[in-house]
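The lines below spell out each chain.
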Amino acid sequence: MGPVLKKSYLNYPKLKGSLEKKITPDDLNTMKESYEKMPLYTSIMASLGFYFLIFIGLINHIIFTPKVATEKNRKGYPPLYNKFDSIFLRYVFRRVKDCFNRVVCGVPGAEIDIIDRVTHDSCWSFEHLETKSTFLNLGSYNYLGFAQNEGPCAENTKDIIKKYGWATSSSRQELGTNNLHLELEQLTAEFLGVEDAIVFGMGFATNALNLPAIINSECLVLSDEYNHASVILGIRLSGATSVVYKHNGIFY
């Protein structure tokens, strides 16, 4: 996120990076946090592709109405299915369904095993095979390899469970802090080169709800332009003034 400064930042000297001038109160009032911007070309092509699929779907629905179950004896009752939703599922989502709803048959490590499948009717249905394929796992929260069932993380976890049990079973606020919490925060602070650190369980609410407890309207936050939406929301909820700097930029 960047350092947090008190109101004395109004007299702060030049900030190198995205800001090469002295910050004034007027500057701070006009600066706003922004989400990552999508390139115009990407936005146009994505929109055109999406609406083209819908258009083709409507044409298919009119000319080639599928032999699927229809609602009967619904007089006096609202429809069970929205007509547009049905068309979207049949003719838009169905065309890309091969990318989703895959059957995972392994732990979410750096690589992940997926059961192979084929379709003989243009993705209306799938047949699962007895083979599997291995892919790079780019869509899980297993950043540090904790979910793998072998390797140093798994072996160390066994030793820790024998010594400390499965979990503390609740938050530190309810059941207290143990030496592992303190050791982790100390190592985190040393790694980041700061005086101290606080470690939380990860999640959107961690940043969005805890940042307002750390900073307030009397603070200035120097925020990376590519910060996660949860960080941006937390800064806004705190009422602090934020200054956005170029991604991975350095302030002196």
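Residues numbered from 1 in each chain as written. Predicted model: local features only at pLDDT ≥ 70, side-chain atom pairs only at ≥ 80, totals over all residues. Heavy atoms only, no water.

What to know about the UniProt feature "transmembrane region" (unreviewed entry) in the protein
According to UniProt, the "transmembrane region" (unreviewed entry) feature falls on residues 40-64. Within the segment residues 40-64, helix and strand shares are 96% and 0% respectively, and the terminal C-alpha atoms sit 35 Å apart. (UniProt positions renumbered as here; feature names shortened; annotations may be inferred. Helix = DSSP H or I, 4+ residues; strand = E, 2+ residues; numbered from the N terminus.)

Thoughts on the side chain of asparagine 137
Structurally, asparagine 137 can be placed in the loop between strand 3 (127-136) and helix 4 (152-164). The class for asparagine 137 is buried, based on a relative accessible area of 18%. Beyond its immediate stretch of four places on either side in the chain, asparagine 137 contacts Pro108, Gly109, Ala110, Glu111 and Ile112. (Buried < 20%, exposed > 50% of the residue type's maximum accessible area, 1.4 Å probe, protein only. Contact = heavy atoms within 4.5 Å.)

Overview of the packing of helix 2 (residues 40-63) against helix 3 (residues 83-96)
Look at helix 2 against helix 3: their axes get within 9 Å of each other, and the N-to-C directions meet at 115 degrees. With respect to helix 3, the element helix 2 is oriented roughly perpendicular. Seen from above, helix 2 lies across helix 3 with right-handed handedness. Residues Phe50, Leu53, Ile54, Ile56, Gly57, Leu58, Asn60 and His61 of helix 2 pack against Lys83, Phe84, Ile87, Phe88, Arg90, Tyr91, Val92 and Arg95 of helix 3. Within the contact of helix 2 with helix 3, the residues separate by chemical class into ten nonpolar, three polar and three charged. (Axes fitted to C-alpha atoms, helices over the stretch in contact; angles between N-to-C directions. Parallel < 35°, antiparallel > 145°, perpendicular 65-115°, else oblique. Left-handed = near helix turned anticlockwise from the far one by under 90°. Nonpolar A, V, L, I, M, F, W, Y, C, P; charged D, E, K, R; others polar.)

Observations concerning the environment of phenylalanine 55
Relative to the assigned elements, phenylalanine 55 resides in helix 2. On the accessibility criterion, phenylalanine 55 (48% relative accessible area) is partly exposed. Each C-alpha atom, one on phenylalanine 55 and one on valine 92, is 9.3 Å from the other, the two residues being 37 residues apart in sequence.

Digging into the packing of helix 7 (residues 204-214) against helix 8 (residues 229-238)
When two helices pack together, their arrangement is captured by the angle between the axes and the distance separating the axes. Between helix 7 and helix 8, the least distance of the axes is 7 Å, while the angle of their chain directions is 20 degrees. The angle between the axes of helix 7 and helix 8 places the two elements in the roughly parallel class. Crossing handedness for the pair helix 7 and helix 8: right-handed. Counting all contacts with helix 7, which are made through Phe204, Asn207, Ala208, Leu211 and Pro212, the residues of helix 8 involved are Ala229, Ser230, Val231, Leu233, Gly234, Ile235, Leu237 and Ser238. Residues of the contact of helix 7 with helix 8, tallied by class, amount to nine nonpolar, four polar and no charged.

Points about helix 4
Across its 13 residues, helix 4 extends 18 Å between first and last C-alpha, which sits within 8% of the 18 Å expected from 1.5 Å per residue. One or two positions beyond helix 4, positive phi appears at glycine 165, with a value near 90 degrees. (Expected span 1.5 Å × (residues − 1).)

Focus on the pattern of salt bridges
Going through the model one piece at a time under the given rule, you end up with three salt bridges. The salt bridge involving arginine 117 is made with aspartate 98; its shortest N-O contact spans 3.8 Å. With a gap of 19 residues between them, arginine 117 in strand 2 (residues 111-118) and aspartate 98 in the loop between helix 3 and strand 2 connect regions that are remote in the sequence. Residue classification places arginine 117 among the buried positions, given a relative accessible area of 12%. Under the relative-accessibility criterion, aspartate 98 is labelled partly exposed at 34%. Note that lysine 132 and aspartate 113 form a salt bridge whose closest N and O atoms lie 3.7 Å from each other. Note that lysine 132 is positioned in strand 3 and aspartate 113 in strand 2, a separation of 19 residues in sequence. Taking relative accessible area as the criterion, lysine 132 reaches 53% and is therefore assigned exposed. (Salt bridge = Lys/Arg side-chain N within 4 Å of Asp/Glu carboxyl O.)

Comments concerning the packing of aromatic side chains
Note on aromatic pairs: each is described by the distance of the centres and the angle between the planes. Taken as a whole, this structure holds five aromatic pairs when the rule is applied. Here phenylalanine 50 and phenylalanine 88 contribute two aromatic rings whose centre-to-centre distance is 6.2 Å and whose plane-to-plane angle is 50 degrees, an arrangement assigned as tilted. In this pair, phenylalanine 50 sits in helix 2 while phenylalanine 88 sits in helix 3, placing the two residues 38 residues apart along the sequence. Overall, the relative accessible area of 37% leaves phenylalanine 50 in the partly exposed class. Its guanidinium or amino end placed over the ring of phenylalanine 126, arginine 117 lies 4.0 Å from that ring's centre, counting from NZ or CZ. (Phe/Tyr/Trp six-rings, centres within 6.5 Å; stacked < 30°, edge-to-face > 60°. Lys NZ or Arg CZ within 6 Å of the ring centre and 35° of its normal.)

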